[in-house]
Amino acid sequence: MDRISVVPTAPPAGESPRDVETVFRVEGLGLYYGKHQAIKDVTLDIAARQITAVIGLSGCGNSTLLRTIAGLEEVSEGSVEIGVRDVTFARPRDRDIAM
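Here is what the cut-offs are and how they apply
Residues numbered from 1 in each chain as written. Predicted model: local features only at pLDDT ≥ 70, side-chain atom pairs only at ≥ 80, totals over all residues. Heavy atoms only, no water. Helix = DSSP H or I, 4+ residues; strand = E, 2+ residues; numbered from the N terminus. Buried < 20%, exposed > 50% of the residue type's maximum accessible area, 1.4 Å probe, protein only. Contact = heavy atoms within 4.5 Å. Areas by Shrake-Rupley, 256 points an atom, 1.4 Å probe, with all protein chains shown as cover. Core = buried A, V, L, I, M, F, W, Y, C linked by side-chain atoms within 4.5 Å. Pairing = 2+ DSSP bridges. Axes fitted to C-alpha atoms, helices over the stretch in contact; angles between N-to-C directions. Salt bridge = Lys/Arg side-chain N within 4 Å of Asp/Glu carboxyl O.

**Quick notes on the overall build of the protein**
Part 1 of the reasoning: Counting secondary structure elements, the protein contains 1 helix and 6 strands.
Part 2 of the reasoning: When the helices and strands of the protein are read in sequence order from the N terminus, they spell out β-β-β-β-α-β-β.
Part 3 of the reasoning: Here the protein, with 99 residues, has 32% of them falling under the buried criterion.
Part 4 of the reasoning: Sequence-distant contacts, at least 24 apart, represent 60% of the contacts inside the protein between residues at least 6 apart.
Part 5 of the reasoning: Carbon together with sulfur atoms contributes 51% to the accessible area of the protein, which is approximately 6800 Å² in total.

Right under this line is the structure:
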């Protein structure tokens, strides 16, 4: 089965992971197209000023994950938080992010 890897960078120099505020959180994210599960149980935290890459083979869900986070695909399960706001079911324009 093809898999997506989410590769975070280390915290900025001089900061430990505990010092950095989480500004973006995805928890247990899942997406179905009918009976086909396109995304399965993705969980990640992204800290302020952290660069994160989504890596995987063509067709394994990279773009679908990003589209779901951006609100362009409807979440089947799990949640998406930006800052302290749960935006799981917010319209894309109300999320104040870009892809």
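**Notes on the environment of E81**
Part 1 of the reasoning: The topology assignment puts E81 in strand β5 (residues 77-82).
Part 2 of the reasoning: Here the alpha-carbon distance between E81 and E27, two residues 54 residues apart in the chain, equals 8.5 Å.
Part 3 of the reasoning: Contacts of E81, omitting those with residues within four sequence positions, involve V23, F24, R25, D86 and V87.

**A closer look at the nonpolar core**
Part 1 of the reasoning: Of all hydrophobic cores here, the largest spans 15 residues; its most connected members are F24, V26, L29, V42 and I69.
Part 2 of the reasoning: Residue assignment for this core shows that the elements contributing at least two residues are β2 (22-33), β3 (36-47), α1 (62-70) and β5.
Part 3 of the reasoning: Setting aside residues no more than four positions away along its own chain, V26 makes contact with V42, T43, L44, I69 and S79.

**Remarks on the sheet that holds strand β6 (residues 85-86)**
Part 1 of the reasoning: Spatially, 4 strands are ordered β3-β2-β5-β6 in an open sheet, and the strand pairing comes out antiparallel. On the outer flanks of this sheet lie β3 and β6, each paired with one strand and no other.
Part 2 of the reasoning: Taken together, the 5 bridges between β2 and β5 define a ladder with antiparallel strand orientation. In the strand pairing of β5, R25 is matched with E81.
Part 3 of the reasoning: Packed onto the sheet, α1 meets β2, β3 and β5 and runs at close to 115° relative to β2.

**Let's talk about the pattern of salt bridges**
Part 1 of the reasoning: What the rule picks out here adds up to 3 salt bridges.
Part 2 of the reasoning: When the shortest N-O distance is used, the salt bridge between R67 and E73 registers 3.1 Å.
Part 3 of the reasoning: Taking relative accessible area as the criterion, R67 reaches 32% and is therefore assigned partly exposed.
Part 4 of the reasoning: Accessibility expressed as a relative area gives 19% for E73, which makes it buried.
Part 5 of the reasoning: Close ionic contact of R91 with D94 constitutes a salt bridge, the shortest N to O distance being 2.8 Å.
Part 6 of the reasoning: The exposure class of R91 is partly exposed, given its relative accessible area of 45%.
Part 7 of the reasoning: What makes D94 partly exposed here is its relative accessible area of 32%.

Such coordinate-based values are descriptive only and should not be taken to indicate function.
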